[in-house]
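# Overview (structure and organization)
Spelled out, the chains give:
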Amino acid sequence: MTAEKKIPYKIYLEESEMPKAWYNVRAHMEKKPAPILNPGTLKPVTKEELSGIFCEELAAQELNDTDAWIEIPQEIRDFYRMYRPSPLVRAYCLEEKLQTPAHIYYKFEGNNTSGSHKLNSAIAQAYYAKKQGLKGVTTETGAGQWGTALSMACSYFDLDCQVYMVKVSYEQKPFRREVMRTYGAQVTPSPSMNTEVGRKINAEFPGTTGSLGCAISEAVEAAVSQDGYRYVLGSVLSQVLLHQSIIGLETKAALDKYGIKADMIIGCAGGGSNLGGLISPFVGEMLRGEADYKLIAVEPASCPSLTRGVYAYDFCDTGKVCPLAKMYTLGSSFIPSANHAGGLRYHGMSSILSELYDQKLISATSVEQTEVFKAAEEFARVEGILPAPESSHAIKVAMDEALKCKETGEEKNIVFGLTGTGYFDMVAYEKFHDGLMTDTIPTDEDLQKSIATLPKV
Ligand SMILES: *Cc1c(COP(=O)(O)O)cnc(C)c1O
């Protein structure tokens, strides 16, 4: 071991050290994620079928499980340079506060106007849509981070952007909505009366405040029923994990630059894109037998797809129009309890992460939201950054692991993904401060109900 170099508070890479290609971890997996299926025929989806919903290049990336490196087009690299490389921060103040011998690092993705890592994939998806000569794209957004990122990306490439926003968020997060409109997006509360599936859901559940699965169905329908439009999605898909590998590649380059070997890498997991992107290069090393890491996915106890779900083919959306994916899932009809404010609400998990979890290359844990907000506040007070509730799931577990090191005296290197900022989540913070935040953990019976609706494949 060489003596530890003095590590700066923020480790930045030079622009010239930025990755020029994304890393596709599927290429190095001996057992690949199961293919996505056409919901009608139950046969693996072809590129032609996928190209009806997604841009051609993105459909190809979705199905590509053989090329390890995919070059990042120059136009996308130019855009990345406006807000990347993102800093890898040594959390000296948090270490001090916890009195831990562990070394804690976080990769901060909130340094752009959309406030999260989602811009990394949004700009790629907008680029390929533009390159194909499309007029615009449609999408859904829950809390609004993805919609915001996509509207920024679309305005950069002068594309039309139609966002179906879960109604409850549309009403509770007017500022997110206005950021999207500032970048020229058209924002519609979902379920709407614009689409057949929206009208059907409104008729069946009058007064419903919507769900992500339902907004996805509306956005897909809007894409396939308008000429020159395709649907784009901000998480879950393998193409999104591919684009997000920029996070892990930069992290690895920054650690290597200072001779730091991570022992543990932690990330929050909703659909799995930030965690998948962060760990991909490290998983690659594990798959090639070059190194070993403890990798931890953190999910909310109120939406525990990895820790309590089943590994099966399921619909990706409530309207059952998207391809079927084999994943850890709670069933596409699962909706987290209404008092859940901490994000990460998706019923399933990326098929890549699901397969890695099934092969026991990554582990998973779930945490309750009041604990998450407690950790978020503690982090904000010492490190300065106001974290997104989603990101704070990773903070909570990183802090727990650092406290374990205090007991054992181990100087572990703990790396976690800090995916974004929480400025638009102040209603949830308010609930926490007022002591009104509660935890609801679904019972086995609750989960059985939605799991029973899984398609028979
Ligand atoms: C969307 C989002 C997440 C969760 O999505 P993943 O696809 O699981 O990464 C986490 N943090 C922030 C800030 C987000 O916006």
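Everything in this summary refers to the structure shown in the same document.

The rules behind the values
- Residues numbered from 1 in each chain as written.
- Predicted model: local features only at pLDDT ≥ 70, side-chain atom pairs only at ≥ 80, totals over all residues.
- Heavy atoms only, no water.
- Helix = DSSP H or I, 4+ residues; strand = E, 2+ residues; numbered from the N terminus.
- Rg over C-alpha atoms; globule rule 2.2 N^0.38 Å.
- Buried < 20%, exposed > 50% of the residue type's maximum accessible area, 1.4 Å probe, protein only.
- Areas by Shrake-Rupley, 256 points an atom, 1.4 Å probe, with all protein chains shown as cover.
- Near = heavy atom within 4 Å.
- Polar contact = N/O pair within 3.5 Å; in protein donor to acceptor, adjacent residues only side chain to side chain.
- Pairing = 2+ DSSP bridges.
- Contact = heavy atoms within 4.5 Å.
- Axes fitted to C-alpha atoms, helices over the stretch in contact; angles between N-to-C directions.
- Expected span 1.5 Å × (residues − 1).

## Digging into the overall build of the chain
The helix and strand inventory of the chain stands at 18 helices and 15 strands. Taking 2.2 N^0.38 as the reference for a compact globule, 457 residues should give roughly 23 Å; the C-alpha atoms of the chain span a radius of gyration of 21 Å, in line with that estimate. Across its three principal axes, the chain shows a C-alpha extent of roughly 65 × 50 × 45 Å. Of all 457 residues assigned to the chain, the portion counted as buried reaches 62%. As presented, the chain carries roughly 17800 Å² of accessible surface, and 51% of it is formed by carbon and sulfur atoms.

## Observations regarding the site of the ligand
Taken together, 17 residues are adjacent to the ligand, and Lys118, Ser235, Gly270, Ser273 and Thr419 come closest. Separating an oxygen atom of the ligand from a backbone N or O atom of glycine 271 is a distance of 3.1 Å. Within the side chain of threonine 419, an N or O atom sits 2.7 Å from a nitrogen atom of the ligand.

## A few points about the sheet that holds strand S10 (residues 264-268)
Spatially, the seven strands line up as an open sheet ordered S1-S4-S5-S15-S10-S11-S14, and their pairing is mixed. Every other strand in the sheet has two partners, leaving strand S1 (10-11) and strand S14 (363-367) as the edge strands with one partner each. Across six bridges, strand S5 (residues 103-108) lies against strand S15 (residues 413-418) in parallel orientation. Note that in S15 the partner of tyrosine 106 across the bridge is phenylalanine 416. Where helix H12 (residues 273-287) meets the sheet, its contacts fall on S10, strand S11 (294-300) and S15, and the angle it forms with S10 comes to roughly 155°.

## Here we look at helix H5 (residues 119-131)
A rise of 1.5 Å per residue sets the reference length of H5, with its 13 residues, at 18 Å; its end C-alpha atoms lie 18 Å apart and thus fit the reference within 8%. Counting buried residues in H5 gives 11 out of 13 residues, a clear majority hidden from the surface. Among the residues making up H5, those that are buried are Leu119, Asn120, Ser121, Ala122, Ile123, Ala124, Gln125, Ala126, Tyr127, Tyr128 and Ala129. Residues of H5 that are buried make contact with strand S2 (21-23), helix H2 (56-63), helix H3 (74-83), strand S6 (136-141), helix H6 (145-156) and helix H11 (238-257).

## Details of the sheet that holds strand S7 (residues 160-166)
The strand order S8-S7-S6-S9 describes an open sheet built from four strands, whose pairing is parallel. Pairing within the sheet leaves two strands with one partner each, and these edge strands are strand S8 (186-190) and strand S9 (229-231). Mean inter-strand twist for the sheet, computed between neighbouring axes without regard to direction, equals 25°. The pairing of S7 with S8 spans five bridges and is classified as parallel. Of the residues in S8, the one forming a bridge with glutamine 162 is glutamine 186. Sitting on the sheet, H6 is in contact with S6 and S7, with an inclination near 165° to S6.

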